[in-house]
Amino acid sequence: MLIPISETYRKIKEEDAAQISDRVMEALLQMLTTKTASESSGCKKTLSDLARALGLELVPFCNDIMTILLHHLSSNTIDKNVKPPILSLFGDIALAIGPSFITYVDIVLNTLNQASQLQVNREDFEMVDYLNELRESCLEGYTGIVQGFRGDASQPNNVLCNELVAMQQHVPSMVKFILDIAQDEDRNDSLVSGACGLIGDLIAAYGSRIVQLFESEKLIKDLLAEGRKSKQQKTKTLALWASKEMKNCLRTM
């Protein structure tokens, strides 16, 4: 049932999605609560599509959704492979509801920070792959929140919106996470891409308030250089954009 629902929500218009959301969301919440960990992955994919389709119409359901997702993340018995999609889903929800995500920002950012610090046995290749997947999901979660709060970036005179002000205390943790990725020899291109994108988003959001956190780090410059040389167009584009954001920001200081 989940795949047809997911496909449907990707195709219908936002106003149509809102009309049928109540029953679909009720069913999804029930399935998230009662299904086994491995079976709930499909529910999370559908929730991601639903968030994109509903936008602010998702807000009335968010308390229930976030309670269930955070419970799954804190469980010691749940299948670990379910956790990365949840971390990524936080970003989708933040993009959908924008400033309304402020209700959850502290607990979610603390959760992302905790997940980003996971250490694994580097001789266990399966766990290294899992770590890369988890970190990529953390990057997606962080990026969605920053973009959701930044919105259309229409604040006058470089004034931060209240949501970005509230999140600023978490920026050093994000920078540290990016540095961890930059010095990890097992990082893959997807991590380089996501890290470069988050660098660009943070600089675009906070400008001169944080740019020195990046500009002073050789590891960051090397990571951006690696991204600019990537054979993957997405990675190259994000690295070029982030480098340009940094350069333009430094020029105006």
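Residues numbered from 1 in each chain as written. Predicted model: local features only at pLDDT ≥ 70, side-chain atom pairs only at ≥ 80, totals over all residues. Heavy atoms only, no water.

Counting its secondary structure elements, the protein contains 13 helices and zero strands. Beginning at the N terminus, the succession of helices and strands in the protein can be written as α-α-α-α-α-α-α-α-α-α-α-α-α. Expressed as a percentage of its 253 residues, the buried residues of the protein come to 49%. Counted over contacts in the protein with a minimum sequence separation of 6, partners at least 24 positions apart contribute 73%. (Helix = DSSP H or I, 4+ residues; strand = E, 2+ residues; numbered from the N terminus. Buried < 20%, exposed > 50% of the residue type's maximum accessible area, 1.4 Å probe, protein only. Contact = heavy atoms within 4.5 Å.)

Right, let's talk about the packing of helix α7 (residues 125–150) against helix α10 (residues 189–206) for a bit. Viewed as axis vectors pointing N to C, α7 and α10 meet at an angle of 20 degrees, and their least axial separation amounts to 9 Å. The angle between α7 and α10 falls in the class roughly parallel. Between α7 and α10 lies a crossing whose hand is left-handed. Two secondary-structure elements touch here, α7 through N132, R135, E136, L139, Y142, T143, V146, Q147 and R150 and α10 through S190, L191, G194, A195, L198, D201, L202, A204 and A205. (Axes fitted to C-alpha atoms, helices over the stretch in contact; angles between N-to-C directions. Parallel < 35°, antiparallel > 145°, perpendicular 65-115°, else oblique. Left-handed = near helix turned anticlockwise from the far one by under 90°.)

Time to look at α10. Over its 18 residues, α10 extends 26 Å from the first C-alpha to the last, a length consistent with the 26 Å expected when each residue adds 1.5 Å. Counting buried positions along α10 gives 15 out of 18 residues, so the element sits mostly inside the fold. The backbone nitrogen of S190 has a side-chain oxygen 3.3 Å away, supplied by the residue at the start of α10, namely N188. In the segment just after α10, G207 is the residue with positive phi, at about 55 degrees. (Expected span 1.5 Å × (residues − 1). Polar contact = N/O pair within 3.5 Å; in protein donor to acceptor, adjacent residues only side chain to side chain.)

Ring pairs (aromatic) are described by centroid distance and by the angle formed between their planes. For the coordinates displayed, the defined rule picks out two aromatic pairs. With a centroid separation of 6.0 Å and an interplanar angle of 50 degrees, the aromatic rings of Y142 and F177 are classed as tilted. In this pair, Y142 sits in helix α7 while F177 sits in helix α9 (residues 171–182), placing the two residues 35 residues apart along the sequence. Accessibility assignment for this pair places Y142 and F177 in one class, buried. The ring of Y130 has K80 sitting right over it, with the charged end atom 5.4 Å from the ring centre. (Phe/Tyr/Trp six-rings, centres within 6.5 Å; stacked < 30°, edge-to-face > 60°. Lys NZ or Arg CZ within 6 Å of the ring centre and 35° of its normal.)

We now examine the packing of α10 against helix α12 (residues 218–228). Packed helices, taken two at a time, are described by the angle their axes make and the gap between the axes. Where α10 contacts α12, the axes come no closer than 10 Å and their chain directions differ by 120 degrees. On the basis of their axis angle, the class for α10 and α12 is oblique. As for how α10 packs across α12, the hand of that crossing is left-handed. Packed against α10, whose contacting residues are V192, A195, C196 and I199, the element α12 presents I220, L223, L224, E226 and G227 at the interface.

A contiguous patch of negative charge on the surface is contributed by D124, E126, D129 and E133. Along the chain, the position of D129 falls in helix α7. Judged by its relative accessible area of 52%, D129 falls in the exposed class. (Patch = residues over 30% accessible without salt bridge, like charges linked within 9 Å, V, L, I, M, F, W, Y side chains within 5 Å. Areas by Shrake-Rupley, 256 points an atom, 1.4 Å probe, with all protein chains shown as cover. Salt bridge = Lys/Arg side-chain N within 4 Å of Asp/Glu carboxyl O. Lys, Arg positive; Asp, Glu negative; His and termini not counted. Charge placed at Lys NZ, Arg CZ, Asp CG, Glu CD.)

Now for the environment of R251. Residue placement: R251 occurs in helix α13 (residues 233–251). In this structure, the C-alpha to C-alpha distance between R251 and S208, residues 43 residues apart in sequence, is 9.9 Å.

For the rest of this paragraph, the subject is the nonpolar core. The biggest cluster of nonpolar side chains holds 77 residues, and the ones touching the most others in it are L58, I93, F101, I145, M167, I199 and F214. Of all the elements, α10 adds the most residues to this core, at 10 residues. Sequence-distant contacts of I93, defined by excluding residues within four places in its chain, comprise L58, C62, I65, M66, L69 and F101. (Core = buried A, V, L, I, M, F, W, Y, C linked by side-chain atoms within 4.5 Å.)

Turning to the side chain of S230, a few remarks are in order. Of note, S230 is situated in the loop between α12 and α13. With relative accessibility at 7%, the residue S230 sits in the buried group. Polar side-chain contacts of S230 include one of 2.7 Å to the side chain of D189. S230 has contacts with D189, T235 and K236, leaving out every residue within four places of it along the chain.

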